[in-house]
Amino acid sequence: VGKKVQAIYLWWHKPVIDKELLQSLPNLKVIANSGVGMDHLDLKLIASFGVKMANAPHAVSSTTADTGMALLLASARRLVEVHNISISPSVEYCEADILGVKVAGATLGIIGMGRIGYKIALRAKAFEMNILYHNRTQRKVQEEQAVGATYCKKIDSLLQQADFVMLVVSLTPQTHKLIGKRELELMKPTATLINISRGPVVDQEALVAALQTGVIRAAALDVTSPEPLPRDHPLLKLKNIIITPHLGTKTDKAAYMITEEAVENILAALSGLPLPSEVLPS
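The present account deals with the structure reproduced in this document. (Residues numbered from 1 in each chain as written. Predicted model: local features only at pLDDT ≥ 70, side-chain atom pairs only at ≥ 80, totals over all residues. Heavy atoms only, no water.)

Structural notes on the overall build of the protein chain
How we decide: Under the DSSP-based scheme used, a helix requires at least four consecutive residues in state H or I and a strand at least two consecutive residues in state E, with every element numbered from the N terminus. Only C-alpha atoms enter the radius of gyration; for comparison, a globular chain is expected to reach 2.2 Å times N to the power 0.38, where N is the number of residues. Only protein chains enter the accessibility calculation, which uses a 1.4 Å probe. A residue is then buried if its area is under 20% of the maximum for its type, exposed if over 50%, and partly exposed in between. Contacts are residue-level and defined by heavy atoms, with any inter-residue pair within 4.5 Å sufficient. For accessible areas, the Shrake-Rupley method is used with a probe of radius 1.4 Å. Any residue's cover is judged against the shown protein chains and nothing else. Lys and Arg are tallied as positive, Asp and Glu as negative. Neither His nor the chain termini are counted. Lys charges are placed at NZ, Arg charges at CZ, Asp charges at CG and Glu charges at CD.
Helices and strands together make up the secondary structure of the protein chain, namely 10 helices and 10 strands. In summary, the protein chain has a C-alpha radius of gyration of 21 Å against a globular reference of 19 Å for 282 residues, a match within 12%. Burial status across the protein chain gives 45% buried among its 282 residues. Sequence separation of at least 24 residues holds for 61% of the intrachain contacts in the protein chain that already meet a minimum separation of 6. Of the roughly 15,000 Å² of accessible surface on the protein chain, 56% is carried by carbon and sulfur atoms. Measuring between centres, the 30 positive side-chain charges of the protein chain sit 5 Å from its 26 negative side-chain charges.

Considering unusual backbone geometry
The linkage connecting Lys14 with the following residue, Pro15, adopts the cis geometry, with an omega of -5 degrees. The step from Glu227 to Pro228 runs through a cis peptide bond, and the omega angle for that step is -10 degrees. Residue placement: Pro228 occurs in the loop between β9 (218–221) and β10 (241–243). Its identity as a non-glycine residue notwithstanding, Arg78 has a phi of 55 degrees, on the positive side. Of note, Glu128 is a non-glycine position whose phi angle comes to about 60 degrees, a positive value. Following the sequence through the fold, Glu128 ends up in the loop between α5 (115–126) and β5 (130–134).

Let's talk about the packing of helix α3 (residues 57–76) against helix α10 (residues 252–270)
We apply this condition: The convention used is that axes are lines fitted to C-alpha atoms, helices contributing only their stretch in contact, and that angles between N-to-C directions extend from 0 to 180 degrees. Just so you know how the angles are binned, under 35 degrees is roughly parallel, over 145 roughly antiparallel, 65 to 115 roughly perpendicular, and the rest oblique. Each helix crossing is assigned a hand: it is left-handed if the near helix lies turned anticlockwise from the far helix by less than a right angle, otherwise right-handed if that turn is clockwise. Gly is placed with the polar residues, together with every amino acid not listed as nonpolar (Ala, Val, Leu, Ile, Met, Phe, Trp, Tyr, Cys and Pro) or charged (Asp, Glu, Lys and Arg).
Interhelical geometry of α3 versus α10 gives an angle of 160 degrees and a closest axis separation of 8 Å. Classified by the angle between their axes, α3 and α10 sit roughly antiparallel to one another. In terms of crossing hand, the pair formed by α3 and α10 is left-handed. Contacts between α3 and α10 involve Pro57, His58, Ala59, Val60 and Thr63 from the first element and Ala254, Met257, Ile258 and Glu261 from the second. Split into classes, the residues belonging to the contact of α3 with α10 amount to 6 nonpolar, 2 polar and 1 charged.

Considering the pattern of salt bridges
Under the convention used in this document: Whenever a carboxyl oxygen of Asp or Glu lies within 4 Å of a side-chain nitrogen of Lys or Arg, that contact is scored as a salt bridge.
All chains considered together, the criterion is met by 8 salt bridges. In this structure, Glu143 engages Arg139 in a salt bridge whose closest nitrogen and oxygen atoms are separated by 3.4 Å. Arg182 is paired through a salt bridge with Glu183; the nearest N and O atoms lie 3.3 Å apart. Residue Arg182 is classed as partly exposed on the basis of its relative accessible area of 44%. Taken together, the shared-partner salt bridges connect Asp156, Arg182 and Glu183 into one network.

What follows is the structure, encoded as structure tokens:
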């Protein structure tokens, strides 16, 4: 049926798009991805076959932003730890041992102020947080004022000031291990690192060491490298970390909206119309 296939809808990186598959589909016109991140695709290879590509940024932005805030709040108030205490056979505990971190008035540093990052800023404003952000390009003044965000041209400045650092960048060669030993040591010892972007954006060995030695207070990760982590990975043995299985977009409504957005892009490509969410190779 290879000659009949004109479109591919990728769900959770399946099927794998390689040269062999592209060669077997001579009439393929478009590949629609079920999410924003395209790091699992060789965009230049696909484009060389004359195939267009699209992602689903509109469908996933709010849900992913919700996940980021959920991890921030859960880590700040140590929800996983106290849940385990609450359901344990013995509920005896010292209140001093379950003290959390106040979110209102704390400083949130957002690294990557795209569509998702901006929605996180909107939510953080409602929690009365001070907001810093680092991005390749500065947002418009009115957009900054709407959420009360301050631009940090250098990432170091953000890391030194933030109580919570939220990673919301795409995975590229420039962002691979963006947060390593040096960056973690710039953070406050009371700070929390939250990653909702991609696992390789963080140097996991450096993160393990930082959490073990108190370089930073805690981490909350919706993404790791690999996913899932091996069951003997040192991150899984730490108390000052929360790990979730890439929950970012996983709600019933988001799944439906992602499919709608993918279908819209596919139909546009098959009709020779501009794709609403086309992604071009860089």
